[in-house]
Structure formats: structure tokens, C-alpha cells
Amino acid sequence: MNNKVAIIVGATGGIGSAVARKLAQMGTKLVLVARNSSQLEALATELDPTELLIVPTDITDPQQVENLIQKTVDYFGQIDILVNAAGAGILKQWNKIEPTDLDAMLDLNLKGSAYTCQAAANIMKQQKSGHICNVVGILGKHSMAMSSAYCASKFGLVGFSKCFADEVRRYGIKVTLFYFGGVDTPFWDHVSLKVDRSKMLSAETAANSIMFALAAEPQAVPMEINIQPESHLFF
Ligand SMILES: NC(=O)c1ccc[n+]([C@@H]2O[C@H](COP(=O)([O-])OP(=O)(O)OC[C@H]3O[C@@H](n4cnc5c(N)ncnc54)[C@H](OP(=O)(O)O)[C@@H]3O)[C@@H](O)[C@H]2O)c1
């Protein structure tokens with residue numbers, strides 16, 4: 001991973017920051033992305049700031065995503081890795097979901113990640129290499145009560161990602177989808193559902209599996225990785 005350039009979207013989140021720390025330790029040049037710039041700066045201070053760029057970006061805005069990719073290429077000249085670890089959860093009963101809730105889920109979890117995939121792949125296509133990691137979650141392939149809006153966005157992201165992967169593999173671009181069960185991160189601070197965070201996966205476990213996929217041999221494509229907490233298995 002030494003000398004590679006990785007964009008971490010959702011870099012200040014539980015999973016994103018754990019991945020950023022691991023990549024920084026391996027000498028990867030990092031582009032840290034989220035909306036809150038003071039949190040991005042705090043993370044950058046903790047990591048090696050010489051090989052690091054901060055680009056505050058709201059990924060629901062395709063113009064801001066284009067700006068992120070342009071700034072990355074201007075600064076580092078290439079994009080080897082994109083980790084899509086930005087997202088949020090609105091978990092409510094079906095008849096409590098407002099149109100704005102549905103919009104928020106689709107705009108961020110589905111469309112925001114699709115925009116970053118498209119923009120990064122335009123550069124990776126020219127390079128004839130790249131690896132995109134989409135952190136979907138287990139609710140991208142299994143249903144759960146109170147999750148219809150969230151599941152819609154995540155099932156949508158899986159549909160997008162699989163078709164996209166079929167198209168971009170001819171340019172040497174790998175796409176890996178991660179289906180984590182509950183991960184103990186600030187994601188759950190904003191969810192009203194009662195959950196037992198002590199039984200969830202750690203962000204460290206999630207980040208280790210992303211590192212595993214990124215370390216695969218050039219000819220190997222880890223397409224999907226499922227990891228669930230022992231207490232809450234979906235088959
Ligand atoms: N935690 C879980 O149990 C779990 C399980 C499976 C999958 N996932 C998925 O994993 C991903 C990361 O989750 P997490 O647990 O690490 O969540 P988290 O700790 O809440 O972090 C979310 C990150 O996304 C960023 N973000 C939110 N809205 C954004 C926007 N519009 N533009 C750019 N960045 C934005 C946040 O920063 P700002 O607010 O500053 O923008 C933050 O860095 C999400 O897609 C989530 O659905 C989570």
C-alpha cells in the first residue's frame with residue numbers, strides 16, 4: 001500500500017477513521033473526506049500530515065464530488081483506492097417514514113456513493129487500475145423490520161455496484177462490497193432503535209477486512225465480504 005493514493009469517504013466515521021489509521025501506517029497517501037472540516041483536521045493532525053489532503057465534501061452534491069476528484073488528481077496525480085464509508089441510518093416503522101427521510105437515505109447511501117464511484121472510475125479507467133471498496137452493510141442483502149428506507153438505499157447500492165463492477169473490470173478496476181452486521185460506531189448515536197452495542201463488531205474488525213481485500217494479489221478480486229457479529233447472524 002506504500003505510495004498508493006487512497007480516498008477515504010466518511011474518513012471521520014467509525015469505520016472510515018479505522019481504515020485511514022491502518023492505511024496511514026502502511027505509507028498510503030490519504031485524501032480524507034467528510035463534511036465536517038474540524039473533525040477532518042483533527043484526524044489529519046493525528047496522522048502524518050505530509051502525505052495527506054483534506055477535502056471537505058458533501059457527497060450528495062455531484063459538483064462537490066467532481067471537485068474532490070479534481071483536487072486529488074491535481075495534488076497526487078493518481079487515485080489507486082476509493083473507500084466509500086460515508087452513510088447514515090434512518091430506522092423507522094414504514095408508516096413513520098417521511099418523504100424527506102426516503103430522500104435523505106437515497107441521496108446519501110445510494111446516490112452519494114454512486115457519484116464517487118463514477119468520478120473516481122473516470123480516473124482509474126485512464127490508469128487501467130484501481131480498487132473501489134463500498135461499505136454496504138448486511139442490510140444491503142437482508143431485510144430487517146424498521147429498515148425499509150435504509151434497506152432501499154443499500155439494496156440500491158448493491159445493484160448499482162454490481163452492474164458498475166461488471167462494466168469497469170475491463171479497465172482493471174476492482175470493486176469489493178462489504179456486508180458488515182452491526183458495527184459499534186457513532187452511526188448508532190443517531191438511531192432511536194434500541195440496540196446492544198456491546199455485541200456488535202468493532203470498527204477495527206471492519207477495517208481489517210477492508211485491508212484484507214486491498215492486499216489481494218493483482219489477479220485476485222475479492223468481490224463480496226460478509227462479516228456479522230456472532231449474536232446476530234443472517235443466512
Ligand atoms: N455502524 C454499523 O453498524 C454499520 C454496519 C454496516 C454498514 N455500515 C455502513 O458503513 C458506512 C460507515 O458507517 P459508520 O458506522 O462508520 O458511520 P459513522 O461513524 O456515523 O460515520 C459516517 C461518516 O460519513 C460521513 N458523512 C455523512 N454524511 C455525509 C455526506 N453527505 N457527505 C460526506 N460524508 C458524509 C460522516 O462525516 P460528516 O458527518 O462530517 O459528513 C462520517 O465521517 C455507512 O455507509 C453505514 O451505512 C455501518
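Colleague: So what exactly am I meant to see when it comes to the overall build of the chain here?
Modeller: The secondary structure content of the chain amounts to 6 helices and 7 strands. Computed over C-alpha atoms, the radius of gyration of the chain comes to 17 Å, within 12% of the 18 Å expected from 2.2 N^0.38 for 235 residues, which places it in the range of a compact globule. Summarising its shape, the C-alpha atoms of the chain cover approximately 50 × 40 × 35 Å along the three principal directions. The buried share of the chain, taken over its 235 residues, is 44%. Partitioning the intrachain contacts of the chain with sequence separation of at least 6 by distance along the chain shows that 67% fall at a separation of at least 24.

Colleague: What exactly am I supposed to notice about the site of the ligand here?
Modeller: With respect to spatial proximity, 31 residues lie near the ligand, and among them Gly-13, Arg-35, Asn-36, Gly-87 and Gly-137 are the closest. Only helix H1 (14-25) and helix H4 (99-127) provide two or more residues apiece to the shell around the ligand. Tallied by class, the residues present in the shell around the ligand amount to 13 nonpolar, 16 polar and 2 charged.

Colleague: Could you clarify how one ought to interpret the packing of H1 against helix H6 (residues 203-214) in this entry?
Modeller: Packed helices, taken two at a time, are described by the angle between their axes plus the distance between the axes. Viewed as axis vectors pointing N to C, H1 and H6 meet at an angle of 55°, and their least axial separation amounts to 8 Å. Taken together, H1 and H6 sit at an angle that is classed as oblique. For the element pair H1 and H6, the recorded crossing hand is right-handed. Facing H1, whose interface residues are Gly-14, Ile-15, Ala-18, Val-19 and Lys-22, H6 presents Ala-203, Glu-204, Ala-206, Ala-207, Ile-210 and Met-211.

Colleague: Even after reading the chapter, I still don't get the pairing of strand E5 (residues 130-135), so can you show me in this structure?
Modeller: Looking along a regular strand, one sees the side chains alternate between the two faces of the sheet. In terms of burial, E5 is largely enclosed, as 6 of its 6 residues are buried. On E5, burial covers both faces: Gly-130, Ile-132 and Asn-134 on one face and His-131, Cys-133 and Val-135 on the other are all buried. Bridge count between strand E4 (residues 81-84) and E5: 4 bridges; the pairing is parallel. Note on E5: the bridge partner recorded for Val-83 is Cys-133.

Colleague: Any chance you could explain the sheet that holds strand E6 (residues 173-180) here in plain terms?
Modeller: Sheet strands pair by backbone hydrogen bonding; their relative direction is either parallel or antiparallel. Judged by pairing direction, the sheet is parallel, and its 7 strands sit side by side in the order E3-E2-E1-E4-E5-E6-E7 without closing on themselves. If you trace the sheet from one side to the other, it starts and ends with strand E3 (52-54) and strand E7 (224-227), each paired once. Averaged over all pairs of adjacent strands, the angle between their axes in this sheet comes to 15°, without regard to strand direction.

Colleague: Would you explain the nonpolar core in this entry?
Modeller: When a protein is soluble and globular, its nonpolar side chains tend to lie buried together. Ranked by internal contacts, the top residues of the largest apolar core, which has 68 residues, are Ile-8, Val-19, Val-33, Val-83 and Ala-120. Residues in contact with Val-19, not counting those within four places in the same chain, are Ile-8, Val-83, Ala-85, Ala-207 and Ile-210.

Colleague: What is the right way to read unusual backbone geometry from this model?
Modeller: A negative phi angle is the norm for most residues apart from glycine, just as the trans form is the norm for most peptide bonds. Not every positive phi belongs to a glycine, and Asn-3 is a case in point at roughly 70°. Under the C-beta neighbour-count criterion, Asn-3 is labelled exposed, with 11 such atoms within 10 Å. Phi is positive for Met-146, which is not a glycine, with a value near 75°. Inspection of the secondary structure puts Met-146 in the loop between E5 and helix H5 (148-168).

Colleague: Whenever I open this one, the environment of Ala-20 confuses me. Can you help?
Modeller: With respect to the helices and strands, the residue Ala-20 is situated in helix H1. With 28 C-beta atoms counted inside 10 Å, the residue Ala-20 sits in the buried group. C-alpha of Ala-20 to C-alpha of Lys-199: the two residues are 179 residues apart in sequence and 24 Å apart in space. Leave out the neighbours within four places in its chain, and Ala-20 touches Ile-8, Ala-11, Leu-30, Leu-32, Leu-43 and Leu-47.

Colleague: In this structure, what is going on with the packing of helix H3 (residues 62-76) against H4? I would like to understand it.
Modeller: Here H3 crosses H4 at 30°, and the two axes come no closer than 9 Å. Handedness of the crossing formed by H3 with H4: right-handed. Contact with H3, carried on its side by Pro-62, Val-65, Glu-66, Ile-69 and Val-73, involves Tyr-115, Thr-116, Ala-119, Ala-120 and Ile-123 of H4 and no other residues of that element. Across the contact of H3 with H4, the residue classes break down as 8 nonpolar, 1 polar and 1 charged.

Colleague: Teacher, can you tell me more about the environment of Leu-102 here?
Modeller: By the element assignment, Leu-102 lies in helix H4. The spatial distance from the C-alpha of Leu-102 to the C-alpha of Ala-121 is 27 Å, given a sequence separation of 19 residues. Excluding anything up to four places from it in sequence, Leu-102 contacts Ile-97 and Ala-149.

About the cut-offs
Residues numbered from 1 in each chain as written. Predicted model: local features only at pLDDT ≥ 70, side-chain atom pairs only at ≥ 80, totals over all residues. Helix = DSSP H or I, 4+ residues; strand = E, 2+ residues; numbered from the N terminus. Rg over C-alpha atoms; globule rule 2.2 N^0.38 Å. Buried ≥ 20, exposed ≤ 12 C-beta atoms within 10 Å, placed from the backbone. Contact = placed C-beta atoms within 7 Å. Near = placed C-beta within 6 Å. Nonpolar A, V, L, I, M, F, W, Y, C, P; charged D, E, K, R; others polar. Axes fitted to C-alpha atoms, helices over the stretch in contact; angles between N-to-C directions. Parallel < 35°, antiparallel > 145°, perpendicular 65-115°, else oblique. Left-handed = near helix turned anticlockwise from the far one by under 90°. Pairing = 2+ DSSP bridges. Core = buried A, V, L, I, M, F, W, Y, C linked by C-beta atoms within 7 Å.

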